[in-house]
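Observations on the three-dimensional arrangement
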There are 2 protein chains.
Amino acid sequence: MRADVPLAKAYLLLNHGPVTLVTSASGGRSNVMAASWAMPLDFDPPKVAVVIDRNTLTRELVDASGEFVLNIPPRALAAAVVGVGNASGREVDKWARFGLEPLAAARVGAPLVAGCIAWLECRVLPERAVERTYDLFLAEVVAASADERVFRQGRWHFEDDSLRSLHYVAGGQFFTTGTAHESAPGR
Amino acid sequence: MRADVPLAKAYLLLNHGPVTLVTSASGGRSNVMAASWAMPLDFDPPKVAVVIDRNTLTRELVDASGEFVLNIPPRALAAAVVGVGNASGREVDKWARFGLEPLAAARVGAPLVAGCIAWLECRVLPERAVERTYDLFLAEVVAASADERVFRQGRWHFEDDSLRSLHYVAGGQFFTTGTAHESAPGR
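Only a predicted model underlies this, so the values are computations on that prediction, with no experimental measurement involved.

Reading the values: the criteria
Residues numbered from 1 in each chain as written. Chains lettered and ligands numbered in written order. Predicted model: local features only at pLDDT ≥ 70, side-chain atom pairs only at ≥ 80, totals over all residues. Heavy atoms only, no water. Buried < 20%, exposed > 50% of the residue type's maximum accessible area, 1.4 Å probe, protein only. Helix = DSSP H or I, 4+ residues; strand = E, 2+ residues; numbered from the N terminus. Pairing = 2+ DSSP bridges. Axes fitted to C-alpha atoms, helices over the stretch in contact; angles between N-to-C directions. Phe/Tyr/Trp six-rings, centres within 6.5 Å; stacked < 30°, edge-to-face > 60°. Lys NZ or Arg CZ within 6 Å of the ring centre and 35° of its normal. pLDDT = per-residue confidence, 0-100. Contact = heavy atoms within 4.5 Å. Buried area = accessible area lost by both parts, 1.4 Å probe. Polar contact = N/O pair within 3.5 Å; in protein donor to acceptor, adjacent residues only side chain to side chain. Core = buried A, V, L, I, M, F, W, Y, C linked by side-chain atoms within 4.5 Å. Salt bridge = Lys/Arg side-chain N within 4 Å of Asp/Glu carboxyl O.

Points about the pairing of strand β14 (residues 173-182) of chain A
Of all the ten residues making up β14 of chain A, seven are buried; the element is thus mostly covered by neighbouring parts of the structure. Two strands pair when backbone bridges link them, and strand β13 (residues 166-170) of chain A and β14 of chain A are joined in this way by four bridges, in the antiparallel orientation. From the neighbouring strand, His-167 of chain A faces β14 of chain A, where its bridge partner is Phe-175 of chain A. Connecting β13 of chain A to the next strand, β14 of chain A, in antiparallel fashion are two residues, including Gly-171 of chain A with a positive phi near 55°. Where β14 of chain A and strand β14 (residues 173-182) of chain B come together, seven bridges link them in antiparallel fashion.

This is the structure we're talking about:
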């Protein structure tokens, strides 16, 4: 069900602005956090930008490994998204606490979150100045995959409501990705 | 109908990942382009990150003025969003061509797009290295406002479908912002 996405199409997984789960691993530890502040940065080779707060365990693991995965969760995982966004991996094993299952990634040590609808495996680009000043990480996407039920032939197909992606607001409030439209240029 | 949004709440206008229109002005010229690659970068003072390609007129105007506005368009402006994303301000007056009306901003010289549902007025932060390498602009939000029909008391209220925000994919395809949900942390 999980299928590779060509790297030149990887930006499409993130282009519509869904919330992400950031997974990371180093030295036998791994973690998962929620991040809304993630976006594509380039097409091919694909790059992304994501904000990872300096006080998080994720930051420690990403700094140590130079890798992370951006996982795109579906509505079915909404409660877990809110959960991992409100707990610290320093205090609790968020995988166990929120019933999330790690899967091996193809190209990085950080795990994938099972049940997500898309995955971008990323290697951090050495831009220490913006990391230090803004907690902003720039990274190259080295592998991408998606659940074929919702992303195939380079397009999203949100037919099952429980598999729609999420757009986070604050305080446990989010929107699902809504109706698809095509629009020709014009007034 | 347009009401100020407190700066500490400005990130909420962009947090759910909508497509934006970037407006800019310098030396008597102004322009509007579409940008999906925009996200919050900090809460308070609010900052944003946005990718502005080096080959665009917008880039020239932003480089000259150090200012831009991120406008959040509603579904009613979808065709204009696709239009300005597929035309160059060097070749056509995109305001006139796509029937968009500029309004004066409060704190920057770049205009607001009338009929949008939210506006973030931004001043570029001096991060020339990432601008040059990645076309990535980091900026501080110096004023924010929103259409009270859809954003009030620090929350989105998408009741009118024509005023829902948009999430752009590619090739004229986009999603509207869908159903709102609340979720408590847990499985």
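What about the environment of Pro-126 of chain B?
All names here are of chain B. Examined against the element boundaries, Pro-126 turns out to sit in the loop between β9 (118-124) and α4 (128-134). A residue is classified by how much of its surface remains accessible, and Pro-126, at 65% relative accessible area, is exposed. The spatial distance from the C-alpha of Pro-126 to the C-alpha of Gly-66 is 8.9 Å, given a sequence separation of 60 residues.

Topic: the sheet that holds strand β13 (residues 166-170) of chain B
Strand order in the open sheet formed by four strands is β13(A)-β14(A)-β14(B)-β13(B), and the pairing between neighbours is antiparallel. Whereas interior strands pair on both sides, the edge strands pair on one side only; in this sheet they are β13 of chain A together with β13 of chain B. Taking the axes of each pair of neighbouring strands and ignoring which way they run, one obtains an average angle of 35° across the sheet.

Re the packing of aromatic side chains
Per the counting criterion, the structure on display carries twelve aromatic pairs over all chains. Note on Tyr-11 of chain A and Phe-43 of chain A: the rings are 4.7 Å apart at their centroids and 85° apart in plane angle, and the pair reads as edge-to-face. You can see Tyr-11 of chain A sitting in the loop between β1 (2-4) and β2 (20-26) and its partner Phe-43 of chain A sitting in the loop between β4 (38-42) and β5 (47-51), a full 32 residues away along the chain. Take Tyr-11 of chain A: its relative accessible area is 15%, and that puts it in the buried class. Judged by relative accessible area, Phe-43 of chain A falls into the partly exposed class, the value being 41%. Cluster of aromatic residues (ring-pair linked, three or more members): Phe-151, Trp-156 and Phe-158 of chain A together with Phe-175 of chain B. Looking at Arg-2 of chain A, its charged tip hangs above the ring of Trp-119 of chain A, at a distance of 5.5 Å from the centre.

A short note on the confidence of the model for chain A
With 98% of its residues at a pLDDT of 70 or more, chain A shows a mean pLDDT of 96. Predicted complex, confidence summary: ipTM 0.96, pTM 0.97.

Concerning the interface of chain A and chain B
It is common to give the size of an interface as the accessible area lost on bringing the parts into contact. Facing 57 residues of chain A, the contacting portion of chain B comprises 57 residues. At the boundary of chain A with chain B, total buried surface from both sides reaches about 4,800 Å², with 62% on carbon and sulfur atoms. Looking at the side of chain A facing chain B, the largest losses of area belong to Trp-37, Tyr-134 and His-181 of chain A, adding up to 16% of the total buried there. On inspection of chain A and its partner chain B, the count reaches 22 residue pairs in polar contact (both at pLDDT 80 or more).

Topic: helix α2 (residues 78-85) of chain B
Along an α-helix, residues three or four apart share an orientation, since each turn contains 3.6 residues. Residue and element names in this part refer to chain B. Burial of α2 is extensive: seven of the eight residues sit out of reach of the surface. Those residues of α2 not exposed but buried are Ala-78, Ala-79, Ala-80, Val-81, Val-82, Gly-83 and Val-84. Tucked into the core, α2 has its buried residues touching β2 (20-26), β3 (29-35), α3 (94-97), β13 and β14.

With respect to the nonpolar core
Of all hydrophobic cores here, the largest spans 88 residues; its most connected members are Phe-68, Leu-70 and Leu-136 of chain A together with Phe-68, Leu-70, Leu-136 and Leu-138 of chain B. Ignoring sequence-local partners within four residues, the contact set of Leu-136 of chain B consists of Met-39, Leu-41, Leu-136 and Leu-138 of chain A together with Ala-49, Val-50, Val-51, Val-130 and Glu-131 of chain B.

Observations regarding the pattern of salt bridges
Oppositely charged side chains are able to pair whenever their charged atoms sit close together. Within this structure, the stated rule accounts for 24 salt bridges over all chains. Note that Arg-152 of chain A is salt-bridged to Glu-159 of chain A, the shortest N-O span being 3.6 Å. Judged by relative accessible area, Arg-152 of chain A falls into the partly exposed class, the value being 30%. A salt bridge links Glu-131 of chain B to Arg-128 of chain B, with the nearest nitrogen and oxygen atoms 2.8 Å apart. Of this pair, Glu-131 of chain B and Arg-128 of chain B both sit in helix α4, three residues apart, roughly one helical turn. Exposure remark for Glu-131 of chain B: the relative accessible area of 4% places this residue in the buried category. On the basis of relative accessible area, Arg-128 of chain B is assigned to the partly exposed category, the value being 45%.

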